[in-house]
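Residue-level listing of the chains:
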Amino acid sequence: MATKSGNYVIGCKLPTGLTITHEGQSITLAGSNDSLLINGFGITRDVPADLWDGFAKTFAEQLLIKNGIVFAVNDDKSAQDASEERKDQKTGLEQLDPNRQQTQPDKD
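Residues numbered from 1 in each chain as written. Predicted model: local features only at pLDDT ≥ 70, side-chain atom pairs only at ≥ 80, totals over all residues. Heavy atoms only, no water.

A. Structural context of the overall build of the chain. Helix and strand counts for the chain stand at 3 helices and 6 strands. Reading the helices (α) and strands (β) of the chain from amino to carboxyl end gives β-β-β-β-β-α-α-β-α. For 108 residues, the compact-globule estimate of 2.2 N^0.38 gives 13 Å, and the chain exceeds it by more than 25% at 16 Å. Projected onto its principal axes, the C-alpha positions of the chain cover 65 × 30 × 25 Å. (Helix = DSSP H or I, 4+ residues; strand = E, 2+ residues; numbered from the N terminus. Rg over C-alpha atoms; globule rule 2.2 N^0.38 Å.)

Right, here's the structure in full:
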């Protein structure tokens, strides 16, 4: 991970991204609805390390961090690798496959 004075590259697979805040700092992370994706993850560069570290520490037990739905790395190559490892991770917000639904049309 980066030093306190460095920056991170953040991957986020949530459809609308995520706004993170810590000690008065705030940034909105690109999500899977962004126009530039890597393996289904929106990529946000130059996220201040102290902002991410504070957010990640506060929410370390949340599934979005524990399951890798949102992750931080030091550079673009690492972001490519991390997103490849996590590309099959589900967020629970994916669209339903209409061909796999078991509902029937209303007969009335």
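B. Representation of the pairing of strand E1 (residues 7-12) within the structure. Extensive coverage of E1 is indicated by the burial of 5 of its 6 residues. Bridge count for E1 against strand E5 (residues 41-48) is 5 bridges, and the pairing is antiparallel. In the strand pairing of E5, Tyr8 is matched with Val47. (Buried < 20%, exposed > 50% of the residue type's maximum accessible area, 1.4 Å probe, protein only. Pairing = 2+ DSSP bridges.)

C. Expanded view of the packing of aromatic side chains. For the coordinates displayed, the defined rule picks out 3 aromatic pairs. Their ring planes at 70° and their centres at 5.2 Å tell us that Phe41 and Phe71 sit as a pair that is edge-to-face. Of this pair, Phe41 sits in strand E5 while Phe71 is found in strand E6 (residues 70-73), placing the two residues 30 residues apart along the sequence. Judged by relative accessible area, which is 4%, Phe71 ranks as buried. With centroids separated by 4.9 Å and ring planes inclined at 40°, the aromatic side chains of Phe55 and Phe59 adopt a geometry described as tilted. Counting every residue linked through ring pairs, the aromatic cluster contains Trp52, Phe55 and Phe59. A cation sits over an aromatic face here: Arg86 above Phe71, 4.8 Å from the ring centre. (Phe/Tyr/Trp six-rings, centres within 6.5 Å; stacked < 30°, edge-to-face > 60°. Lys NZ or Arg CZ within 6 Å of the ring centre and 35° of its normal.)

D. Quick peek at the environment of Phe55. The residue Phe55 is located in helix H1 (residues 49-58) in this model. Sequence spacing of Phe55 and Thr21 is 34 residues, and the spatial spacing of their C-alpha atoms is 6.7 Å.

E. Region of the structure containing the pairing of E5. The pairing of strand E4 (residues 37-38) with E5 spans 2 bridges and is antiparallel. Its bridge partner being in E5, Leu37 is matched across the sheet by Gly42. What sits between the antiparallel neighbours E4 and E5 is a turn of 2 residues, in which Asn39 has the positive phi angle 55°.

Any functional reading would require information beyond the geometric quantities listed.
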